[in-house]
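Structure at a glance
What follows is the residue order along each chain.
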Amino acid sequence: MASSLRGVARVQPNSKTLEEARSRTFDFFKKACRSLPTVMDIYNLHDLVTVSQLRSSIAAQIRKNINVTNPKVIDMLVFKGIEELTNIVDHAKQRHHVIGQYVLGPEGFDKDLGIQDQGSSHFLKRFYETNYF
């Protein structure tokens, strides 16, 4: 499983142009999409999400940094993405980490479970407001 990503994590020289950094970003996205069936099997995500939904989540993570124009910064972000992908494929994360970050998204459990309004006291309501991201 992880053998397909063995050579991916080596550090490449910095991109000289924005186009080169852009092509590296597309290459990373392709490698991430190709590894999604393996990730689905490793973490048993078939009952929660489809491959296309995970692909959309990865694309959203990449689009979040669309305004970055410095090739060195883009290379650093791609390297961090490769490192994250390698950790996920090597099973260095647990299932709930993957679910929380890529299936539920930044809203987390609050949106689906509605747990913020369960506290009856003012203290608990304030606690829930300030400690959920």
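Every chain begins its residue count from 1, and numbering advances along the sequence as written. At least 70 in pLDDT is required for a residue's local features to be given in this predicted model, at least 80 for side-chain atom pairs to be given and counted, and no such filter applies to totals for whole chains, interfaces and linings, which use all residues. To obtain the side-chain values, all non-hydrogen atoms of the structure were included, while hydrogens and water were left out.

- Per an unreviewed UniProt entry, the protein goes by NADH dehydrogenase [ubiquinone] 1 alpha subcomplex subunit 6 and derives from Platanthera guangdongensis.
- UniProt positions are given in the numbering used here, feature names are shortened, and annotations may be inferred rather than shown by experiment. Among the UniProt annotations of the protein, the heading Subcellular location (unreviewed entry) holds the following wording: "Mitochondrion inner membrane".
- Note on the protein: under the UniProt heading Sequence similarities (unreviewed entry), the record states "Belongs to the complex I LYR family."

1. Points about the packing of helix α2 (residues 51-63) against helix α4 (residues 95-103)
- The geometry of α2 relative to α4 is characterised by a closest axis approach of 10 Å and an angle of 65° between their N-to-C directions. By the angle between their directions, the pair α2 and α4 is classed as roughly perpendicular. Residue-level inspection shows Leu 54, Ser 57 and Gln 61 of α2 in contact with α4, the latter providing Gln 101, Tyr 102 and Val 103. In this analysis, axes come from line fits to C-alpha atoms, helices being fitted only over the stretch in contact, and the angle between any two N-to-C directions falls in the range 0 to 180 degrees. Helix and strand assignments come from DSSP, with helices taken as H or I runs of at least 4 residues and strands as E runs of at least 2, each series counted from the N terminus. Relative orientations are named as follows: roughly parallel for angles under 35 degrees, roughly antiparallel for angles over 145 degrees, roughly perpendicular for angles from 65 to 115 degrees, and oblique for any other angle. By definition in these notes, contact holds between two residues if any of their heavy atoms fall within 4.5 Å.

2. Points about the environment of Ile 99
- Mapped onto the fold, Ile 99 is located in helix α4.
- A simple rule labels every residue: compare its accessible area, found with a 1.4 Å probe on the protein chains alone, to the largest value its type can have, and call it buried under 20%, exposed over 50%, or partly exposed in between. Owing to a relative accessible area of 12%, Ile 99 belongs among the buried residues under this scheme.
- For the pair Ile 99 and Leu 48, spaced 51 residues apart in sequence, the C-alpha separation works out to 8.6 Å.
- The contacts of Ile 99, once residues within four sequence positions are left out, are Leu 45, Leu 48 and Leu 104.

3. A look at the pattern of salt bridges
- Here, a salt bridge means any Lys or Arg side-chain nitrogen found within 4 Å of an Asp or Glu carboxyl oxygen. Counted according to the given criterion, the structure contains 5 salt bridges.
- Put simply, Glu 19 and Arg 22 hold a salt bridge, and the shortest N to O gap is 4.0 Å. In this pair, Glu 19 and Arg 22 are both assigned in helix α1 (residues 18-43), 3 residues apart and thus about one turn of the helix distant.
- Owing to a relative accessible area of 53%, Glu 19 belongs among the exposed residues under this scheme.
- By relative accessible area, which is 45% here, Arg 22 ends up partly exposed.
- The partner of Glu 84 in a salt bridge is Lys 93, and the shortest N-O contact between them spans 2.8 Å.

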